[in-house]
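# Breakdown of the fold
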Amino acid sequence: MTSPKQALAHPASSAEAAPGSQPGAARGAHGRGTPPEGKSPWRSRLYRWDMKASPYVFIAPFFVIFGAFSLIPLLYTAWYSLHDVQLSSLDTQTWAGLDNYQNLLSSDFFWNALKNTFTIGVISTVPQLMAAIGLAHLLNYRLRGSTVWRVVMLTPYATSVAAATLVFTLLYSWDGGMVNWLLDFVGIDPINWRESDWGSQFAVSSIVIWRWTGYNALIYLAAMQAIPADLYESAAIDGANRWQQFLHVTVPQLRPTILFTVVVSTIGATQLFGEPLLFGGVSGSKGGSEHQYQTLGLYMYDQGWIIGNLGKASAIAWSMFLILLIVAAINLLVTRRLRKSQ
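Below or above, wherever it landed, is the structure these notes cover.

So, how was this worked out
- Residues numbered from 1 in each chain as written.
- Predicted model: local features only at pLDDT ≥ 70, side-chain atom pairs only at ≥ 80, totals over all residues.
- Heavy atoms only, no water.
- Buried < 20%, exposed > 50% of the residue type's maximum accessible area, 1.4 Å probe, protein only.
- Core = buried A, V, L, I, M, F, W, Y, C linked by side-chain atoms within 4.5 Å.
- Helix = DSSP H or I, 4+ residues; strand = E, 2+ residues; numbered from the N terminus.
- 1 Å grid on protein atoms, 1.4 Å probe; cavity = no way out; pocket = protein on both sides within 12 Å on 5 of 7 lines; lining within 4 Å.
- Points joined across faces, edges and corners; volume = space filled by probe spheres on them.
- Nonpolar A, V, L, I, M, F, W, Y, C, P; charged D, E, K, R; others polar.
- Phe/Tyr/Trp six-rings, centres within 6.5 Å; stacked < 30°, edge-to-face > 60°.
- Lys NZ or Arg CZ within 6 Å of the ring centre and 35° of its normal.
- Pairing = 2+ DSSP bridges.
- Expected span 1.5 Å × (residues − 1).
- Contact = heavy atoms within 4.5 Å.
- Patch = residues over 30% accessible without salt bridge, like charges linked within 9 Å, V, L, I, M, F, W, Y side chains within 5 Å.
- Areas by Shrake-Rupley, 256 points an atom, 1.4 Å probe, with all protein chains shown as cover.
- Salt bridge = Lys/Arg side-chain N within 4 Å of Asp/Glu carboxyl O.
- Lys, Arg positive; Asp, Glu negative; His and termini not counted.
- Charge placed at Lys NZ, Arg CZ, Asp CG, Glu CD.

## Comments concerning unusual backbone geometry
If a residue is not glycine, its phi is most likely negative; likewise, a peptide bond is most likely trans. One non-glycine residue with positive phi stands out, namely H291, at about 60°. With a relative accessible area of 17%, H291 lands in the buried category.

Below, the structure is given as structure tokens:
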């Protein structure tokens, strides 16, 4: 028993302060981010600054690297595109305004490179994505060794551009190439793949198809595995066979993924450089003896590093950037319409 005087002399502890209160709730109940009491003012300010500045410090390396290696070169290229700059005399720059862009619009080589980029992009993208959907549809079923097949499909993507292009160059060789040997075996005249217009573009496109089909197939496979099984069961109950299920269930569910792969493949086709450069050999930067497969990337390289006109090369780079912005805008419009239709 405690007397009233003893109760006044010994105040209730935090656990006895009020019914239902948590132990320790009465002492030092500080909110998160509030500096502890009893510290000096400068330590309180340092604590508050630490709580506010730490997130920005954590994400700062990304923005520093992005600014140093992406944003500053992009802006510097835009500055170069408005000047007459030669590779041999970088310190000597004369203002040219939009002359470099006007020269591009009046250049037959630029329009030829743009046309070649478009045709090679179509020839390589359409068969590539169609084959990728078909392979993903096969792998979506339970197959023996499915993991092994997925690794095999991803192997071409892991192969370097140089190695793949050199192998295909031997396959398409005029004298002794396996492709011409097969054509001759079935009674078709051999084709000079490097010198013909459509032949050279088809050869370059085949390299792109071989390297990227497996990569896109794995993307489609991941999207197919996310499709609810109830849709296939409902279609099977309605009497739909495997092909009808693929057309009316799988393909509609893959529309966002198909749109994504089309945009990524278009960006890759616009920036195509390594395959045609190595395929052409000595005349690789020219895109063949008659520029028959010279892409925008090769045209930019030829103007900047072979001829040495960095101002015009910068204008070509920004033209490619504007094309990619147009592709991104079209992607955005199509995506919005798809969402509204759904």
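Resuming the write-up.
## Considerations on the nonpolar core
Of all hydrophobic cores here, the largest spans 13 residues; its most connected members are I133, A136, Y220 and M224. Those elements that provide at least two residues to this core are α4 (108–139) and α8 (197–225). With twelve residues, the next largest nonpolar core counts F168, L272, F279 and Y293 among its residues.

## Overview of the layout of surface pockets
For the largest pocket, the calculated volume is near 490 Å³. As for the largest pocket, its lining consists of 24 residues, of which F118, V122, V262, T266 and V327 are closest to the centre. Secondary-structure elements contributing two or more residues to the lining of the largest pocket are α4, α11 (255–270) and α14 (310–341). It is α4 that provides the largest number of residues to the lining of the largest pocket, a total of ten residues. Class assignment of the residues belonging to the lining of the largest pocket gives a composition of 18 nonpolar, six polar and no charged. By volume, the second largest pocket amounts to about 340 Å³. Together, 14 residues line the second largest pocket, and N140, Y141, A229, Y232 and Q245 are the ones closest to its centre.

## Quick word on the packing of aromatic side chains
Counted according to the given criterion, the structure contains 17 aromatic pairs. Each residue in the set F168, Y172, W193, F202 and W210 is aromatic and connected to the rest through ring pairs, giving one cluster. The aromatic ring of F279 is capped on one face by R194, whose charged end is 5.9 Å from the ring centroid.

## A closer look at the pairing of strand β1 (residues 83–86)
Of the two faces of β1, only the one carrying H83 and V85 is buried; D84 and Q86 on the other face are not. Hairpin connection between β1 and strand β2 (residues 89–95): a loop of two residues separates the two successive antiparallel strands.

## Thoughts on α11
With 16 residues, α11 should cover 22 Å at 1.5 Å per step; its first-to-last C-alpha distance of 22 Å lies within 8% of that length. By the burial criterion, the buried members of α11 are T257, L259, T261, V263, S265, A269 and T270. Against α4, α8, α13 (296–307) and α14 lie the buried residues of α11.

## A few points about a positive patch on the surface
Side chains of R336, R337, R339 and K340 sit close together on the surface and give a patch of like positive charge. If you trace the backbone, R337 turns up in helix α14.

## A word on the pattern of salt bridges
Under the criterion given, the structure shown has two salt bridges. The salt bridge involving E275 is made with R211; its shortest N-O contact spans 3.5 Å. Of the two residues, E275 is situated in helix α12 (residues 274–280) and R211 in helix α8; the sequence distance between them amounts to 64 residues. Take R211: its relative accessible area is 7%, and that puts it in the buried class. Close ionic contact of D302 with K286 constitutes a salt bridge, the shortest N to O distance being 3.1 Å. With D302 in helix α13 and K286 in the loop between α12 and α13, this residue pair connects regions lying 16 residues apart in the sequence. Residue D302 is classed as buried on the basis of its relative accessible area of 3%. What makes K286 partly exposed here is its relative accessible area of 30%.

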